[in-house]
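# Inside the fold
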Amino acid sequence: MKKFAKSVSTVSLLTATAMLLAVTKYEDVQGSSLENDIFPVATVKISTLETSGQEKIIFASAIETDVEEETENTTNSDEMYSNTVYCVGEDIPADSYVITCTNTDYSMEVVVFSDETEYDDFLKAEKNTVGKYRNALEAYAWTNYYLYEDEQIYVNLKKGNILLLDDGMCEFSRYTTETSSILYSGLYIAGEDIVCEKMNIKCTSDYLTVTVFDNTEDYLAYHKTDRFTVGEESDAIAEYSASNDFIYNDYSTYVNLQEGMILMVEDGTGEYSVDAGPVIN
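Residues numbered from 1 in each chain as written. Predicted model: local features only at pLDDT ≥ 70, side-chain atom pairs only at ≥ 80, totals over all residues. Heavy atoms only, no water.

### Describing the pattern of salt bridges
Our working rule: The working definition used for a salt bridge is a side-chain nitrogen of Lys or Arg within 4 Å of a carboxyl oxygen of Asp or Glu. In this description a helix means any DSSP run of H or I spanning at least four residues, a strand means any run of E spanning at least two, and both kinds are numbered starting from the N terminus. Under the scheme applied here, a residue whose accessible area is under 20% of the maximum for its type counts as buried, over 50% as exposed, and between as partly exposed, the area being computed with a 1.4 Å probe on protein chains only.
The full count for this structure, using the stated rule, is 6 salt bridges. The salt bridge partner of D95 is R174, with a shortest N-O separation of 2.8 Å. One end of the pair, D95, is in strand β7 (residues 95-103); the other, R174, is in strand β12 (residues 169-174), with 79 residues separating them in the sequence. Exposure remark for D95: the relative accessible area of 28% places this residue in the partly exposed category. Salt-bridge contacts for D250 lead to K202; the nearest nitrogen and oxygen are separated by 3.9 Å.

See the structure below:
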């Protein structure tokens, strides 16, 4: 397993303006004490629990966070990792998950890189200001999120992806749209994460943003665009997306998903139904 701990230099957008160099002691998998005098690195605890028959994985980024010992329903022994970066397929199983933020001082950062090369390029990029850090994420990440406590997102982690977690604790629950019609905020590739169908998506939260891209190339072009302001975000959506709708609770929007299209759900949760014509709200 490759260890990324000593190369981690991530700073969340909300704390980037208050970067402080620190000396942080941590332990590697052999238990020897190491020192990192560049950036603080979290200690991460992972437990696999079984709750009501559903397997869950607990991830804790322990910066200013106490990690409680799990004593019940533990199906394997706890493991200590000395970083907040994971290689999917080696450190955690490749699978589809719903991530729930369970504890954070403000917001927890979740970033997925397509592969190690993209992650290494991100590390090499300038990130000494909020704007430059955001630009590096836009240029090299597949997707990124900031979660408040109890917020949830959907991610499909594939073998070789690099997952970065920072500033909080979260719970991973395996999830598939094959057995549930709930749509969490996240990216869904038609034919892979969700069926290729004509469907209505109903908002089940306060509000929901639903965006469709014709293919991966259009989505990546959107994601790599500088979107620091609301205007820049709107311009990027207008240029690269096939459709974009903002809906309130109990309202619906209609999409026709074809193979390879990307459905981007943001700002809440929804529920989809297939084999239905457009709904006029």
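Resuming the write-up.
### Details of the sheet that holds strand β9 (residues 143-147)
Here is the rule we go by: One requirement defines pairing of two strands: DSSP has to find at least two bridges between them. Lines fitted to C-alpha atoms define the axes here, with helix axes fitted over just the stretch in contact, and angles between the N-to-C directions of these axes take values from 0 to 180 degrees.
Spatially, 4 strands are ordered β6-β11-β8-β9 in an open sheet, and the strand pairing comes out antiparallel. This sheet does not close on itself; its edge strands, each paired only once, are β6 (85-87) and β9. If you compare each strand with its neighbour and ignore which way they point, the axes differ by 15° on average. The pairing of strand β8 (residues 108-113) with β9 spans 5 bridges and is antiparallel.

### Re the layout of surface pockets
Selection rule: A cavity, in this analysis, means grid points on a 1 Å lattice covering only the protein atoms where a 1.4 Å probe fits yet has no way out; a pocket is instead an open set bounded by protein on both sides within 12 Å along at least five of seven lines, and a residue lines either one if it has an atom within 4 Å of a point. Grid points are joined across faces, edges and corners, and a volume is the space filled by probe spheres set on the points. Residues are grouped as follows: Ala, Val, Leu, Ile, Met, Phe, Trp, Tyr, Cys and Pro are nonpolar; Asp, Glu, Lys and Arg are charged; every other residue, Gly included, is polar.
In this model, the largest pocket occupies a volume close to 1300 Å³. If you go around the largest pocket, you meet 40 residues; those closest to its centre are N144, Y145, Y146, E266 and D267. For the lining of the largest pocket, the leading source of residues is β9, giving 5 residues. Of the residues belonging to the lining of the largest pocket, the class tally is 19 nonpolar, 13 polar and 8 charged.

### Here we look at the side chain of T177
Stated formally: Under this definition, polar contacts are N or O atom pairs within 3.5 Å; protein pairs additionally need one hydrogen-donor-capable and one acceptor-capable atom, and for neighbouring residues in sequence, both atoms have to be side-chain atoms. Two residues form a contact once any of their heavy atoms are found within 4.5 Å.
Mapped onto the fold, T177 is located in the loop between β12 and β13 (182-183). Reaching out from T177, the side chain makes a polar contact with the backbone oxygen of D193 at a distance of 2.5 Å. The residues touching T177, leaving out its near neighbours within four places in the chain, are I182, L183, Y188, D193, I194 and Y272.

### So, the packing of aromatic side chains
Applicable threshold: Aromatic pairs are defined between Phe, Tyr and Trp rings, using the six-membered ring for Trp, whenever the two ring centres lie within 6.5 Å; interplanar angles under 30 degrees are classed as stacked, those over 60 as edge-to-face, and all others as tilted. Each ring is checked for a lysine NZ or an arginine CZ that lies within 6 Å of its centre and within 35 degrees of its normal; such an atom marks a charge sitting over the ring.
Under the criterion given, the structure shown has 14 aromatic pairs. When the centroid spacing of 5.4 Å and the interplanar angle of 65° are considered together, the rings of F113 and Y119 count as edge-to-face. The two residues F113 and Y119 agree in class, both being buried. With a centroid separation of 5.2 Å and 35° between ring planes, the pair formed by F213 and Y222 is classed as tilted. Pair check on accessibility: F213 and Y222 agree, each one buried. Counting every residue linked through ring pairs, the aromatic cluster contains F113, Y119, F122 and Y133. Positioned above the aromatic ring of F122, the side-chain terminus of K127 is 4.9 Å from the ring centre.

### Regarding the sheet that holds β13
Strands sit in the order β13-β20-β15-β18 across an open sheet of 4 strands; the sheet is antiparallel. One side of each edge strand has no neighbouring strand; the edge strands of this open sheet are β13 and β18 (252-256). Of the pairings in the sheet, the one linking strand β15 (residues 198-203) to strand β20 (residues 270-274) comprises 5 bridges and is antiparallel in character. Bridged to C203 within β20 is G270.

### Quick notes on the packing of helix α1 (residues 116-124) against helix α2 (residues 130-140)
Threshold: Just so you know how the angles are binned, under 35 degrees is roughly parallel, over 145 roughly antiparallel, 65 to 115 roughly perpendicular, and the rest oblique. Each helix crossing is assigned a hand: it is left-handed if the near helix lies turned anticlockwise from the far helix by less than a right angle, otherwise right-handed if that turn is clockwise.
The geometry of α1 relative to α2 is characterised by a closest axis approach of 9 Å and an angle of 160° between their N-to-C directions. By the angle between their directions, the pair α1 and α2 is classed as roughly antiparallel. For the pair α1 and α2, the sense of crossing is right-handed. Judged by residue contacts, E118, D121 and F122 of α1 engage Y133, A136, L137, A139 and Y140 from α2. Of the residues in the contact of α1 with α2, the class split is 6 nonpolar, no polar and 2 charged.

So, to be careful, I would describe these as geometric facts and stop short of saying anything about function.
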